[in-house]
Amino acid sequence: MIDLNDKLHNDQAFTTELHKHIHEFADLESQGLDLVTYREKRDEFIRRIFNYCGKNISMLVPYYFPKFAMKRRKWQPLSLMSRPFNMVLLVFAAYWTFVLRGSRQVGKSVTIITRQRIIAELVAGYRSIYIVPHGDQLTTYQRKFQSMERLFRVPVNGNKYKQNMGFKEYPNGAEIDMLRINTSSASARGKSCDELIFDEVQGMDGNLETDVLQVLADSDIRTKLYTGTSTTLDTLLEARYQEGSQGTWHIFRDNLKSRSTIDCGDPHQIIPCIKREGLIDPKTGDRLNPLRGRYVHSNPEGLVKRMFSVHVPQIINPDIVRNQMKWEELHTTLMRDRTAFIKECLGIPVAEADREISEIDLRRMCVVEGGPDERKKRCRTRKYRFIMSGMDWGGS
């Protein structure tokens, strides 16, 4: 599997050839071809670019979302070039696991929706299941998916194919399912898929993971994604991140002759760079460009196990870095509460904390000597003067 962002910045021959394919693809519109011929050539170019990029769909995103946002009274396509650190989530690779441990507001949802929708268009019969632990998170994702679906280049006839809020099917047989799983895996039973996406997985009961993974049992692809914000050390997300390659984004120091970098996953390196006026190199005083960087993996053994895990902090989000008002708010958060800043804005876990109690946790608490049968026997023989039972469980 290739690191597409690294290739684009450091392999001139690769970049030149890729741009050649893209320009030839763009020229199709002006060739006046009949519809059948155009579709054949279009599909050929899409497959060529897809395979050339190591089955990473990042370079196809602007084509499939040509009118994504209005800027300066002109429609702009969706592009991952402004978020190169998220490109790793757009690789179509069988038997690989991808883990993104990120802070808030780094474009995870948009990237996941982009992945699901484009791969559903490219791969016939592809089945993807998206899972979050809470109902409000699921509703937010479903609404975002629906709004992005309207911007997709290829519309779907809702009268012929199911296009519900939580379930989508497409003409080529592909399907996308969206579920909520927190304290029970019941909603996943009886389902099967090729790709399983755990989002906001830090809030899910890790004991359910094995049960849920059974939906991949019949697939020959078995791709898994884990994404979320790992604010504590005892989450499933953090466990999978540590098991994987542990890639952190390293920003290049532009004006130094050496290729030295600043590690965004190390608070001791990145926090001194966060000034009120922007992201500043403390050694030179120069402004840093967070998009000029690459992932450095501290656990290469994770790649051998086909587990690509990365960390993405909020401070490299161009929407924040390039907006002085948002950046000043970020800086104020750092000044007021350093611990909260490290957890929420840098996305680095600092301690264990509370997690919603699951049914499995409750069962573990029932460890009174003798077990439930013995206690029932004591109740019947009036061993106890008073029998009381109660529970206050904020389970969702």
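Residues numbered from 1 in each chain as written. Predicted model: local features only at pLDDT ≥ 70, side-chain atom pairs only at ≥ 80, totals over all residues. Heavy atoms only, no water.

*Asks:* Looking at this model, I keep getting lost on the overall build of the chain. Mind explaining?
*Replies:* A tally of regular secondary structure across the chain gives 15 helices and 14 strands. With the C-alpha coordinates of the chain rotated into their principal frame, the extents come out at 90 × 60 × 45 Å. Put simply, the chain has 396 residues, and 45% of those count as buried. Expressed as a percentage of contacts within the chain between residues at least 6 apart in sequence, the contacts between residues at least 24 apart total 70%. For the chain, the computed accessible surface area is about 20700 Å², with 48% contributed by carbon and sulfur atoms. Positive and negative side-chain charges in the chain, numbering 60 and 50 respectively, have mean positions lying 3 Å apart. (Helix = DSSP H or I, 4+ residues; strand = E, 2+ residues; numbered from the N terminus. Buried < 20%, exposed > 50% of the residue type's maximum accessible area, 1.4 Å probe, protein only. Contact = heavy atoms within 4.5 Å. Areas by Shrake-Rupley, 256 points an atom, 1.4 Å probe, with all protein chains shown as cover. Lys, Arg positive; Asp, Glu negative; His and termini not counted. Charge placed at Lys NZ, Arg CZ, Asp CG, Glu CD.)

*Asks:* Looking at this structure, how should I read the nonpolar core?
*Replies:* Nonpolar side chains tend to gather and get buried jointly when the protein is soluble and globular. Counting 81 residues, the largest nonpolar core has Ile270 and Ile315 as the members making the most contacts within it. Counting 19 residues, the second largest nonpolar core, distinct from the first, contains Val99, Ile131, Leu179 and Leu237. (Core = buried A, V, L, I, M, F, W, Y, C linked by side-chain atoms within 4.5 Å.)

*Asks:* What is the right way to look at unusual backbone geometry in this model?
*Replies:* Backbone phi values are negative for most residues with the exception of glycine, while trans is the configuration of most peptide bonds. One non-glycine residue, tyrosine 95, lies in the positive phi region at around 65 degrees. On the secondary structure map, tyrosine 95 appears in the loop between β2 (74-76) and β3 (97-102). Positioned with a positive phi, glutamate 200 is a non-glycine residue whose angle comes to about 50 degrees.

*Asks:* In this structure, what is going on with the pairing of strand β7 (residues 195-198)? I would like to understand it.
*Replies:* A regular strand places its side chains on the two faces of the sheet in alternate fashion. Covered by surrounding structure in β7 are Glu195 and Ile197 together with Leu196 and Phe198, the residues of both alternating faces. Across 4 bridges, strand β4 (residues 127-132) lies against β7 in parallel orientation. Bridged to isoleucine 131 within β7 is phenylalanine 198. Of the strand pairs in this sheet, β7 and strand β8 (residues 223-228) are connected by 4 bridges, and their pairing is parallel. By the bridge assignment, glutamate 195 is partnered in β8 with threonine 223. (Pairing = 2+ DSSP bridges.)

*Asks:* What is the right way to read helix α3 (residues 35-52) from this model?
*Replies:* Three or four residues apart is the spacing at which side chains of an α-helix point the same way, because the helix has 3.6 residues per turn. Look at α3: 26 Å from first C-alpha to last across 18 residues, which is about the 26 Å you get at 1.5 Å a residue. Regarding α3, the residues found buried are Tyr38, Phe45, Ile46, Ile49 and Phe50. End-on view of α3: buried residues confined to an arc of 130 degrees, all on one side of the axis. Turned more than 90 degrees away from the buried face of α3 sit Val36, Glu40 and Arg47, all of them exposed. On its buried face, α3 sits against α2 (12-27), α4 (61-64) and α5 (108-122). (Expected span 1.5 Å × (residues − 1). Arc of directions from axis to C-beta.)

*Asks:* Just to check I follow, could you spell out the environment of lysine 191 for this structure?
*Replies:* Within the element layout of this structure, lysine 191 appears in the loop between β6 (175-180) and β7. Residues lysine 191 and histidine 19, spaced 172 residues apart in sequence, show a C-alpha to C-alpha distance of 41 Å. Those residues in contact with lysine 191 that sit more than four places away from it in its chain are Ile129, Asp177, Leu179 and Val215. At 3.0 Å, the side chain of lysine 191 forms a polar contact with the side chain of aspartate 177. (Polar contact = N/O pair within 3.5 Å; in protein donor to acceptor, adjacent residues only side chain to side chain.)

*Asks:* What is the right way to read the pattern of salt bridges from this model?
*Replies:* Close approach of charged atoms allows side chains with opposite charge to pair. Overall, the coordinates contain 16 salt bridges when judged by the stated rule. Ionic pairing is found between arginine 42 and aspartate 43, a salt bridge with its closest N-O pair at 3.1 Å. We note a salt bridge from aspartate 319 to arginine 83, for which the minimum N-O separation is 2.5 Å. You can see aspartate 319 sitting in helix α11 (residues 318-321) and its partner arginine 83 sitting in the loop between β2 and β3, a full 236 residues away along the chain. Taking relative accessible area as the criterion, aspartate 319 reaches 41% and is therefore assigned partly exposed. (Salt bridge = Lys/Arg side-chain N within 4 Å of Asp/Glu carboxyl O.)

*Asks:* I keep staring at the side chain of arginine 240 and nothing clicks. Help me out?
*Replies:* Along the chain, arginine 240 falls in helix α8 (residues 236-243). Overall, the relative accessible area of 18% leaves arginine 240 in the buried class. Engagement of the side chain of arginine 240 in a polar contact is seen with the side chain of glutamate 209, the distance being 2.6 Å.

*Asks:* Could you clarify how one ought to interpret the packing of α2 against α3 in this entry?
*Replies:* Geometrically, a packed helix pair is captured by the angle between its two axes and the distance between the axes. Where α2 contacts α3, the axes come no closer than 10 Å and their chain directions differ by 165 degrees. For the element pair α2 / α3, the angle class is roughly antiparallel. Crossing hand, α2 versus α3: left-handed. Taking contact as the criterion, the partners of Ala13, Phe14, Glu17, Leu18, His21, Ile22, Glu24 and Phe25 in α2 are, on α3, Arg42, Phe45, Ile46, Arg48, Ile49 and Tyr52. Taken together, the residues of the contact of α2 with α3 sort by class into 9 nonpolar, 1 polar and 4 charged. (Axes fitted to C-alpha atoms, helices over the stretch in contact; angles between N-to-C directions. Parallel < 35°, antiparallel > 145°, perpendicular 65-115°, else oblique. Left-handed = near helix turned anticlockwise from the far one by under 90°. Nonpolar A, V, L, I, M, F, W, Y, C, P; charged D, E, K, R; others polar.)

*Asks:* What exactly am I supposed to notice about the packing of aromatic side chains here?
*Replies:* Ring pairs (aromatic) are described by centroid distance and by the angle formed between their planes. One pass over the full model with this rule turns up 16 aromatic pairs. Relative to phenylalanine 92, the ring of phenylalanine 50 lies with its centre 6.3 Å away and its plane at 40 degrees, an arrangement referred to as tilted. One end of the pair, phenylalanine 50, is in helix α3; the other, phenylalanine 92, is in the loop between β2 and β3, and 42 residues separate them in sequence. Phenylalanine 92 shares its class with phenylalanine 50; the two are buried. (Phe/Tyr/Trp six-rings, centres within 6.5 Å; stacked < 30°, edge-to-face > 60°.)

*Asks:* Can you walk me through the side chain of glutamine 116 in this structure?
*Replies:* Looking at where glutamine 116 falls in the secondary structure, it is placed in helix α5. Using a relative accessible area of 1% as the deciding quantity, one classes glutamine 116 as buried. Side-chain polar atoms of glutamine 116 contact the side chain of serine 128, separated by 2.9 Å. Excluding anything up to four places from it in sequence, glutamine 116 contacts Ser128, Ile129, Tyr130, Tyr141, Phe145, Ile176, Glu195 and Ile197.

Fair warning: the whole summary comes from geometry, so function is off the table for now.
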